[in-house]
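Close look at the chain arrangement
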Amino acid sequence: MRIVIFVCLSALLLLAGYWVFSAAMIERQTTAVLANTPQLQGRAESVTGFPLAFRTAIDAPSWHSQDSQRGWQADSLALSAPSYRPNDIAVMFPPVQQLRLGTAESRLTTEEMTAQLVVTRDLELRTAALDLRAATLTPPLAVATLAAGQIDLQWIADNRYSLQARAEALRLSPEILTLFSDDSPGDAALVEELAATATARFAQPLPLQGPWPYPDALEITEARLAWGALQLTATGEIARSPAGLLEGSLRLSVEDWHPLLALLQQHAILPPDAAQMAGMFLATQAEPGTNRVTLPLELRDATLWLGPIALLHLPAL
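Described below are features of the structure shown in this document.

The rules behind the values
Residues numbered from 1 in each chain as written. Predicted model: local features only at pLDDT ≥ 70, side-chain atom pairs only at ≥ 80, totals over all residues. Heavy atoms only, no water. Helix = DSSP H or I, 4+ residues; strand = E, 2+ residues; numbered from the N terminus. Core = buried A, V, L, I, M, F, W, Y, C linked by side-chain atoms within 4.5 Å. Buried < 20%, exposed > 50% of the residue type's maximum accessible area, 1.4 Å probe, protein only. Contact = heavy atoms within 4.5 Å. Salt bridge = Lys/Arg side-chain N within 4 Å of Asp/Glu carboxyl O.

Some thoughts on unusual backbone geometry
Following Phe50, the chain continues to Pro51 via a peptide bond in cis, the omega torsion being 5°. Note that Pro51 resides in the loop between β1 (40-44) and β2 (53-64). Between Thr138 and Pro139 the backbone carries a cis peptide bond, its omega angle lying at -10°. Note that Pro139 resides in strand β8 (residues 125-141). Even without being glycine, Ala169 reaches a positive phi, approximately 55°. Among the structural elements, Ala169 can be located in strand β10 (residues 160-172). Within the chain, Asp301 stands out as a residue other than glycine whose phi angle is a positive 50°. Note that Asp301 resides in the loop between β15 (293-300) and β16 (303-306).

Okay, structure coming up:
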């Protein structure tokens, strides 16, 4: 009986020692991340949750981009991890947060918003996942409401990560809707789905501290847009040149080319003469008995081309 009691007490002492040591390390690392990342601000609270978990919070957290054009802040941020896996961190966001894009500011309210981070001992990310439900932006920042959104970044090997992102039921802001004609078919304000699956290659594994670099290359397995009559899917590869310009090729599949052509005409991407020629071209490329077409697109010097037609110019990264 004495042996059993001795073993139990020893185990409890070891558990307590492990928890205290780990809690002190978590406090130091959290403080170090905040101190060594200029884009982050906040004050870390003491770790609680003995003995089954590590729980802490960051008071008045804020973030801003390197160019200070984007920002985020909230009253607090709750973090927790099980005792047996302290590197598996759950992040609980408050229901009200503040976003900034340029000079525009908006209040983000969500029914639920959580994140999951898995990091190595060297504070490199292995997993970064974000899940939100019933989001509202007041005033809107291009989007007014979002039913659900998920982003999942998973380390594969070396500097490669898999990326999955999806947004459901995005309701566009009135300012965005003014760019479209009143006779747009269906509910022009509602984007039913926007999703992408890809593999990204970075210059190095993503660090928990410091800014994340832009990907050097992106292999798009599938990207989808469901917006009323406009139904698009795309695959392809995009790379970033040493000058920061995007280059690569895409294959765009369109269920019905008529809404796409109307959109290009509406925004004066295609002048009337070119639009007529494009319509004839798309009609000849459609699959027999349908309006479905597959178009090869090229990215050269950060400009998206459909044959000789420049569709969109992208900024350097």
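Thoughts on the nonpolar core
Here is a general trend for soluble globular proteins: nonpolar side chains tend to be buried in one another's company. Counting residues in each nonpolar core, the largest one holds 37 residues, and the members touching the most others are Val293 and Leu297. Val293 has contacts with Leu252, Ser253, Val254, Trp257, Leu282, Gln285 and Ala286, leaving out every residue within four places of it along the chain. Counting 18 residues, the second largest nonpolar core, distinct from the first, contains Ala74, Ile89, Phe202 and Leu206.

Brief notes about the pattern of salt bridges
Tallying each qualifying case throughout the model produces 11 salt bridges. Of the charged contacts in the structure, one is a salt bridge between Glu193 and Arg166, with a shortest N-O distance of 2.9 Å. Here Glu193 is found in strand β11 (residues 190-201), whereas its partner Arg166 is found in strand β10, with 27 residues between them in sequence. Its relative accessible area of 15% is what places Glu193 among the buried residues. In this structure, Glu287 and Arg292 form a salt bridge, with 2.9 Å as the shortest nitrogen-oxygen distance. Given a relative accessible area of 34%, Glu287 falls into the partly exposed group. Relative accessible area serves as the criterion here: at 28%, Arg292 is assigned to the partly exposed category. Sharing partners across several salt bridges, the network here consists of Arg166, Glu168, Glu193, Glu222 and Arg224.

As far as function goes, none of this settles anything; it's purely spatial.
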